[in-house]
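So the chains spell out like this:
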Amino acid sequence: MEKATVKKKKQVLLYYCVEMEDVARKIASESDSIILHSINWRSFADGFPNLFINNAHDIRGQHVAFLASFSSPAVIFEQLSVIFALPRLFVASFTLVLPFFPTGTFERMEEEGDVATAFTMARLISNIPISRGGPTSLVIYDIHALQERFYFGDNVLPLFETGIPLLKQRLQQLPKSEKIVIAFPDDGAWKRFHNQLVDYPTVICTKVREGDKRIVRLKEGNPDGCHVVIVDDLVQSGGTLIECQKVLAAHGASKVSAYVTHGIFPKRSWERFLHKNDGSEKAFTYFWTTDSCPHTVKAVANKAPFEVISLAGSIADALQI
């Protein structure tokens, strides 16, 4: 009788930016086949980067990956410098893991003169040098607009992953007595995610214009007596989520929680969601997000209602593809 062959995991050498060190360590803890390597992130007196890739000679013929975080324009250039250098060191293959594609919300022109910076970023990434193993593999989670996959050139192979399986695992840990309903804040979120959440009843909200204001309304579904979880790809100021919560509560939702893959929260806007100790009503029971935005992870640590769900296991699996 033939023995089933077990596919041997490839060894991956994982470099990472400073912000993503904690996530990189979690990824390495998920698999013995992922080995961490470091970069010396230094600067010259004029502020420009002075970078050094450790063990550069030893990575020849190896599968190499880089875990990036383009959290601000200030850090993008130094990371791109490393990203463009690694494939040229005679590596067997190169993978760029960029969990959050930061310019994704500006993906189209509404009038002549607008600059669609999502396309600019995609063009930069598309010019990563080809390694000995071929085009760069690019891992991104829940990119904002699905059409952005077509912005990348042939020098990269984009792998679009999602955090939704992690949310589903967390929902399964909630008490069986809770009637979970998934709410989408708009039609765009429904189009993106509803096929991955077919096991749950759904509610769809919509924004309607009343005078100069855009008001959130319930479009379809019934949240009455249910624990409603609002699902979206990202949050910035959080205004839409807060308005959705009010509408759902007004229609009888017993609890409201939220999940976003990318918690951006500029200007500490996460503070709007914190549970206060003054006995006031807690609008959101849980607020789940991933560790794709490391500054947010540190800011909301141990602060209710926030819970951070790590992408580490999912990234470790993606590095084996």
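For the structure itself, consult the block above.
Below you will find a few notes about this structure. (Residues numbered from 1 in each chain as written. Predicted model: local features only at pLDDT ≥ 70, side-chain atom pairs only at ≥ 80, totals over all residues. Heavy atoms only, no water.)

### Brief notes about the pattern of salt bridges
In the structure shown here, the tally under the stated rule is six salt bridges. In this structure, Glu-307 and Arg-170 form a salt bridge, with 2.9 Å as the shortest nitrogen-oxygen distance. Linking Glu-307 in strand β15 (residues 306-309) with Arg-170 in helix α4 (residues 164-171), this pair joins segments that are 137 residues apart in sequence. Accessibility expressed as a relative area gives 15% for Arg-170, which makes it buried. Here Glu-178 ties to Lys-255 by a salt bridge, and the two come within 2.6 Å at their closest N and O atoms. Of the two residues, Glu-178 is situated in the loop between α4 and β9 (180-184) and Lys-255 in strand β13 (residues 255-263); the sequence distance between them amounts to 77 residues. Taking relative accessible area as the criterion, Glu-178 reaches 18% and is therefore assigned buried. (Salt bridge = Lys/Arg side-chain N within 4 Å of Asp/Glu carboxyl O. Helix = DSSP H or I, 4+ residues; strand = E, 2+ residues; numbered from the N terminus. Buried < 20%, exposed > 50% of the residue type's maximum accessible area, 1.4 Å probe, protein only.)

### Digging into unusual backbone geometry
For the bond from Ala-304 to Pro-305, the omega torsion is 10°, close enough to zero to count as cis. Considering the arrangement of structural elements, one finds Pro-305 in the loop between α7 (294-300) and β15. In the Ramachandran plot, Asp-142 falls in the positive-phi region, its phi being about 45° despite a non-glycine side chain. Looking at where Asp-142 falls in the secondary structure, it is placed in the loop between β7 (136-141) and β8 (156-161). With phi around 55°, Lys-267 is a residue other than glycine that occupies positive phi space.

### Looking at the nonpolar core
Ranked by size, the top nonpolar core spans 69 residues in total, and within it Ile-27, Phe-66, Leu-67, Phe-101, Ile-125 and Val-231 carry the most contacts. When residues in this core are grouped by element, the largest group, five residues, is from strand β1 (residues 12-16). Leave out the neighbours within four places in its chain, and Ile-125 touches Phe-70, Leu-96, Leu-98, Phe-101, Leu-138, Phe-152 and Val-156. In this structure, Phe-273, Phe-287, Val-300 and Phe-306 belong to the second largest nonpolar core, which totals 25 residues. (Core = buried A, V, L, I, M, F, W, Y, C linked by side-chain atoms within 4.5 Å. Contact = heavy atoms within 4.5 Å.)

### Describing the sheet that holds β7
On the basis of which strands lie adjacent, the open sheet formed by six strands has the order β2-β1-β5-β6-β7-β8 and parallel pairing. Two strands close off the open sheet at either side, each with one partner strand: β2 (34-36) and β8. Between one strand axis and the next, the sheet turns by 25° as a mean value, whatever way the strands run. In the sheet, β1 pairs with strand β5 (residues 63-67) via five bridges, with the strands oriented parallel. Bridging across to β5, Tyr-16 finds its partner in Leu-67. (Pairing = 2+ DSSP bridges. Axes fitted to C-alpha atoms, helices over the stretch in contact; angles between N-to-C directions.)

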